[in-house]
Amino acid sequence: MPTDATPRYRRVLLKLSGEALMGGGDYGIDPAVLRRIALELIEVQALGVQLAVVIGGGNIFRGAGLARAGMDRVSADHMGMLATVINALAMQDALESLGLHARVMSALQINEVCEDYIRRRAIRHLEKGRVVLFAAGTGNPFFTTDTAASLRAIEIGADVLLKATKVNGVYTADPVKDPTATRYTRLSYDKVLNDRLQVMDATAIVMCRDNNLPLQVFNLHNHGDLLRILGGDDVGTVVSND
């Protein structure tokens, strides 16, 4: 996308999985991957786009998985929320080491390390050109970070929710297992729900549908796709009410 072009969206929320930060490892954060993602976010911000980010915590703890292993679900989900705070702090450090101002806002009160989530303050940070990193999900157990991303995107008035994944969109089947699987370029929210397509959890999809928030799914590992989306290119899969 040319630097003098007008981006398609004014304000976006990017949903990253915690696993995206692992790189080739089995656990934790790969500093090289963290820096690469931070550099792409800086390119987005340089276009004048107001950028908010929700990062999952699956590279450290996943609440649902711990619960299936026998842990109390509420305790497990709280551990997962704290994992997202760790990831958000890591991303904040990566961005600020490259000269971009960022703020971590947590749904849980951890005042010593980050700000509390306050909607009006988050919008003010965005208006001042800061990247806002929303941590700790919704602050409630039994809700995924996908739902948190949908909720925060709606609250801040984002023009689109961008979900970064390992594949370049939504397919008719798992493209790794089924070589005949084809990519959808556009989908309706109702089809996602009716066909049980694995895009986001149902609560997140319903929130996007009912609030008319478009969702675009793309491959985080295709360098430049994020900028191409902002330029209006046909990247990944767009899910909307149209």
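In what follows, the structure referred to is the one given above.
How each quantity is defined
- Numbering of residues begins from 1 in every chain and follows the order in which that chain's sequence is written.
- Thresholds applied to this predicted model are a pLDDT of at least 70 for local features of residues and 80 or more for the giving and counting of side-chain atom pairs; totals over whole chains, interfaces and linings are not thresholded and use all residues.
- Based on all heavy atoms of the structure, the side-chain values leave hydrogens and waters out of the count.
- We define a salt bridge as a contact between a side-chain nitrogen of Lys or Arg and a carboxyl oxygen of Asp or Glu at a distance within 4 Å.
- Starting at the N terminus, helices and strands are each numbered in turn, a helix being any DSSP run of H or I of at least four residues and a strand any DSSP run of E of at least two.
- Burial classification: accessible surface area is computed with a 1.4 Å probe over protein chains only, and a residue below 20% of its type maximum counts as buried, one above 50% as exposed, and the rest as partly exposed.
- Strand pairing follows a simple DSSP-based rule, namely that at least 2 bridges must link the two strands.
- Contacts are assigned to residue pairs with any non-hydrogen atoms lying within 4.5 Å of each other.
- To get an axis, fit a line to the C-alpha atoms, keeping to the stretch in contact for a helix; angles then go from 0 to 180 degrees between the N-to-C directions.
- Planes of paired rings set the category: under 30 degrees apart is stacked, over 60 is edge-to-face and the rest tilted, where pairs are Phe, Tyr or Trp rings (Trp by its six-membered ring) whose centres lie within 6.5 Å.
- Lysine NZ or arginine CZ positioned within 6 Å of the ring centre and within 35 degrees of the ring normal marks a charge as sitting over the ring.
- When we speak of the arc, we mean the arc of directions from the helix axis to the C-beta atoms.

## Here we look at the pattern of salt bridges
Phase 1: If you walk through the whole model with that rule in mind, you get 12 salt bridges.
Phase 2: The salt bridge involving Glu-155 is made with Arg-152; its shortest N-O contact spans 2.8 Å. Within this pair, Glu-155 and its partner Arg-152 are both found in helix H5 (residues 145–156), separated by three residues, close to a single helical turn.
Phase 3: Residue class for Arg-152 comes out buried when judged on its relative accessible area of 5%.
Phase 4: One connected set of salt bridges, linked through shared partners, spans Lys-15, Asp-146 and Lys-163.

## What to know about unusual backbone geometry
Phase 1: Even without being glycine, Ala-136 reaches a positive phi, approximately 70 degrees.
Phase 2: Turning to its location among the elements, Ala-136 is positioned in the loop between strand E5 (131–135) and H5.

## Re the sheet that holds strand E9 (residues 186–188)
Phase 1: Judged by pairing direction, the sheet is mixed, and its nine strands sit side by side in the order E4-E3-E5-E2-E1-E6-E10-E11-E9 without closing on themselves. Edge strands, defined here as strands with exactly one partner in the open sheet, are strand E4 (115–116) and E9.
Phase 2: Where strand E1 (residues 11–16) and strand E2 (residues 50–55) come together, six bridges link them in parallel fashion. Each bridged residue has a counterpart across the sheet, and for Lys-15 the counterpart in E2 is Val-54.
Phase 3: The sheet strands contacting helix H3 (residues 73–97) are E1, E2, strand E3 (102–106) and E5, and the helix crosses E3 at an angle near 170 degrees.

## Points about the packing of aromatic side chains
Phase 1: Using the criterion set out here, one finds one aromatic pair in the structure.
Phase 2: Relative to Phe-134, the ring of Tyr-117 has its centre 5.4 Å away and its plane inclined at 85 degrees; by these criteria the two rings are edge-to-face. Taken together, the residues span a long stretch of sequence, with Tyr-117 in the loop between E4 and helix H4 (119–127) and Phe-134 in strand E5 at a distance of 17 residues. Of the two residues examined, Tyr-117 and Phe-134, each falls in the buried class.
Phase 3: The ring of Tyr-117 has Arg-152 sitting right over it, with the charged end atom 3.8 Å from the ring centre.

## Some details on helix H7 (residues 202–210)
Phase 1: Every buried residue belonging to H7 is among Ala-204, Ile-205 and Cys-208, and all of these are buried. Seen from one end, H7 has its buried residues packed into an arc of 100 degrees, which puts them on one side.
Phase 2: The elements touched by buried residues of H7 are H5, strand E6 (160–165), helix H6 (189–194) and strand E10 (215–219).
Phase 3: Positive backbone phi, at 55 degrees, marks Asn-212, one or two positions downstream of H7.

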